Amino acid sequence: MEMFGMSLLGLLLIVAQYSATIYDADEDYHDDYEDAWGTELQQKEMDLILNVRKNSEKKAQKQSLINLRRKIEENVYGQSSNTVKLYADSTEGSIDLLQWGLLKIIDDKDQSVKLDDNTVQWILSNREILEMLMTSGDVPKDKYKEALEILVDLMNEDPLIKTDRLRMRIAVAIALTFTTPMESYEFAGRKYIDWMERYKTYIELIGEGVLLEQFYKGTAWHLRYVVGCQHTEEEQVWARANMHRDIDNLAGNMSRATAGFVPYGKVNKDGFKMSSFLFYYSQPRTLKTISEIGGLCGTRARFRTAMMQSSGVPALPVLQKGHMGFMWWTPEGIWVLPRGNAGPWGRSSTTKDYDYTWNKKSCYFPVMNIAQKHLPEYRLSEKMRIAAKMAQPEDMFGVLEDAATVCPHNYAAWVDLSTAMAVGTLEKAAVHSALLPSWESLRAHQGEESTISLDATTTSECFVDAMTMTNGTSKTVSCCDQTTGSITLDFPAPVTVNSIQFQWKIKDIESVEYDIYAMGANGEFELVRTQESQILGKWKGGRTSSLGGWEMKTNKIMIELRIEKIVKDKYLCIGELFVKGILDDAIAVVSDGKPVTSSELSTEAGNLVDNDEGTTWTANADNSWFEIDFGRICAIRDIEFSWVEGTQPDGVTISYRVGDGPETTFAAEQPFYEVPMDMDTGVTVLRVTLSGGNPVLKGVTVRGREYSSKEILKLQVKRFYEMHRQVKAALIEQIDNIDYTD
């Protein structure tokens, strides 16, 4: 603002100076007053300038988002999922999508970034750093503006980040991890970790031989569990100096290298409890102090985590019921919960400080770990998730199904897919077309060994919650409190059993006897195995019994168990029961009652699939057709025609398609009673074209196996998440709850 050619600030300062000359008697007072008044005015003008600048930044950011959205929609809206995938996989599409995704998160929080800043511009136009920034785990409270600002400061301090991939991974890991100030553990809120100092420390340590191989192998996501160490740089120096570095294969034996430092106890030598500030004698909780005085499981877990992180090994503490353990990343690229101090994955959760992985429990880490091992696919999947937001509502499902197919271990893609499947305008044909590649992949693996007990219905009159033995999500133990008990497994189709394993929750398994029976084709049970052929072993929860399979196919297995005497800890208790083998197709009639249409002159088309030979369908023309809509993707084994005698046509042509996809046509061979088909070719709509004569049919029977859309998704989840049982159970439950039917 100006007045008489002078700024408001200048005018007010003159007034302040004039006022000071009137009151000479208290010059010091008025000097102070002038300073305070001038400072206040300067602050107001500065605030005004900052507000104008902020509004200008927001305006520029919103315009950038509008321009990006228009460009993305040109390449996404109304396009096929394959076209969207090609765009998302291109450098131009990658930058467009990730830049929009990043700025949209910031804009939704009513924040803005300096788009005219040279370093910001470089970040927003560089595919590699954008992909790294947006695919290295979550940021608490979506603080991406703060992450971007930290990254800018790091790059301004060290321009080599732009060209050195390791430096870039370290910088991105720090930027994402330090969006919320991190308290140092030893000073409990009185001191915070300096992220710039942390970056410089790791850069200095590169090549000095103190950082183990995991540091150089890890992605930015892995390195977040290194740079996020809650101990200061001085503490980490102590950790590196005192670790047991003389053991063989140090990088692969971090549990041993960090063990035995912290005495276990909740009372120190002078009787002060751990709940008292006097437990550590009012000293900072340094690693050295902890190693001398001790602590409980939480202290020990955090100590060992810090020891590993100080040498560049990704690690973090994990919470369990009444306990805290830790997990770390091996040179082989596997997250492990060390035996003896941590329970199963499903019973462990990360602490709030380390919620970087879909904000989920520890059991999701191995899933993200696989995604990070396939980084190009994971990044493409994430970009397709962003693209799906700008696809037509009815096309979102196809894009997201493709995203989950590209990277099956991208948990977030499955979550978005479940939401898209419930969109009211979604056409069934579009769903079937989108699912066809996944269905074909499933059929390609049909006949391979799998854990077939997952498909069984498990019942028992004695064992409580018998299904928990075989559903792959057991958190409890199924017990029978009698001296005898039986378990029955019903399979949906014939199976070939290759092996059986019991995971017992009983110490004296030698006292347990059992017989295994399989039902033959005649409906009678045959004894196939007993405990005499078992091989004993161990698992984390107790002992195991493993047995081989047998040649005879069966639909049902019965296991009869007995124990001589029930005493304490000697119940018949089973943690899990695994049956591995091959599950055949459950062949059934898939045509009965399905919608049928037929050529204009023909009679009632519904008679073809009413399973009643007393009704007929007449073509009433030399050339006719009928079409069956199965409503689901089917694997068809054969088509059986029941002709009225003497009315067979001269020719039969079979056409089929999935959804709104292309048709495949072939000519059937005479005498047109039973036409075989390839079960690895999907069908949702089947058309039969008849030529010559005046055909009359009593009915048509189509046999095969039908797959609902939800079933296809669940089978994919079971296939890719078989080793991640808790995540698998969560995804299957999510799919079951989708408001969608074929």
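Here, every reference points to the structure presented above.
Since the model is a prediction, treat every value here as computed from it, not as a measurement. (Residues numbered from 1 in each chain as written. Predicted model: local features only at pLDDT ≥ 70, side-chain atom pairs only at ≥ 80, totals over all residues. Heavy atoms only, no water.)

Q: How should I be thinking about the nonpolar core in this particular structure?
A: Inside soluble globular proteins, nonpolar side chains tend to come together where they are buried. Within the largest apolar cluster, 118 residues are counted, with the highest numbers of intra-cluster contacts made by L102, L151, I170, V172 and F397. With near-sequence residues (within four places) excluded, L151 lies in contact with I123, I129, L133, A171, V172 and A175. Counting residues in hydrophobic clusters, the runner-up holds 34 residues, among them I487, F491, L561 and I574. (Core = buried A, V, L, I, M, F, W, Y, C linked by side-chain atoms within 4.5 Å. Buried < 20%, exposed > 50% of the residue type's maximum accessible area, 1.4 Å probe, protein only. Contact = heavy atoms within 4.5 Å.)

Q: In this structure, what is going on with the packing of helix α11 (residues 220–227) against helix α16 (residues 365–373)? I would like to understand it.
A: When two helices pack together, their arrangement is given by the angle between the helix axes and by the axis-to-axis distance. Orientation of α11 relative to α16, taken along the N-to-C sense of each, is 130°, at an axis distance of 10 Å. Between α11 and α16, the angle falls in the class oblique. The residues of α16 that touch α11, namely those facing W221, H222 and Y225, are F365, M368, N369 and Q372. Here the residues of the contact of α11 with α16 sort into 4 nonpolar, 3 polar and no charged. (Axes fitted to C-alpha atoms, helices over the stretch in contact; angles between N-to-C directions. Helix = DSSP H or I, 4+ residues; strand = E, 2+ residues; numbered from the N terminus. Parallel < 35°, antiparallel > 145°, perpendicular 65-115°, else oblique. Nonpolar A, V, L, I, M, F, W, Y, C, P; charged D, E, K, R; others polar.)

Q: What exactly am I supposed to notice about the state of the cysteines here?
A: Covalent bonding between the sulfur atoms of two cysteines is what defines a disulfide. For the structure on display, the rule yields 2 disulfides. One disulfide bridge connects C462 with C480, the sulfur atoms lying 1.5 Å from each other. Its S-S torsion of about 90° marks the bond between C462 and C480 as right-handed, since a negative value means left-handed. With C462 in the loop between β8 (457–459) and β9 (478–480) and C480 in strand β9, this pair connects stretches of sequence that are 18 residues apart. According to the relative accessible area criterion, C480 is buried, its value standing at 0%. (Disulfide = S-S within 2.5 Å.)

Q: Help me understand the pairing of strand β10 (residues 484–504) in this model?
A: Across a regular strand the side chains alternate sides, sitting on one face of the sheet and then on the other. Relative to β10, β8 is paired through 3 bridges, and the arrangement is antiparallel. Bridging across to β10, T458 finds its partner in L489. Pairing analysis gives 8 bridges linking β10 to strand β15 (residues 554–563), with the strands arranged antiparallel. Each bridged residue has a counterpart across the sheet, and for V495 the counterpart in β15 is T554. Here β10 runs beside strand β14 (residues 542–548); their pairing, made up of 6 bridges, is antiparallel. Bridging from a neighbouring strand, Q501 pairs with S546 of β14. (Pairing = 2+ DSSP bridges.)

Q: Even after reading the chapter, I still don't get the packing of aromatic side chains, so can you show me in this structure?
A: How two aromatic rings sit relative to each other is given by the distance of their centres and the angle of their planes. Enumeration according to the criterion identifies 21 aromatic pairs in this entry. On the basis of an interplanar angle of 80° and a centroid distance of 5.7 Å, the ring pair of W221 and Y225 is categorised as edge-to-face. Pair noted here: W221 and Y225 are both in helix α11, with a separation of 4 residues, about one helical turn. Take W221: its relative accessible area is 0%, and that puts it in the buried class. In this structure Y225 comes out as buried when scored by relative accessible area, which is 0%. One Lys or Arg, R285, reaches over the ring of Y185 and ends 4.0 Å from the middle of that ring. (Phe/Tyr/Trp six-rings, centres within 6.5 Å; stacked < 30°, edge-to-face > 60°. Lys NZ or Arg CZ within 6 Å of the ring centre and 35° of its normal.)

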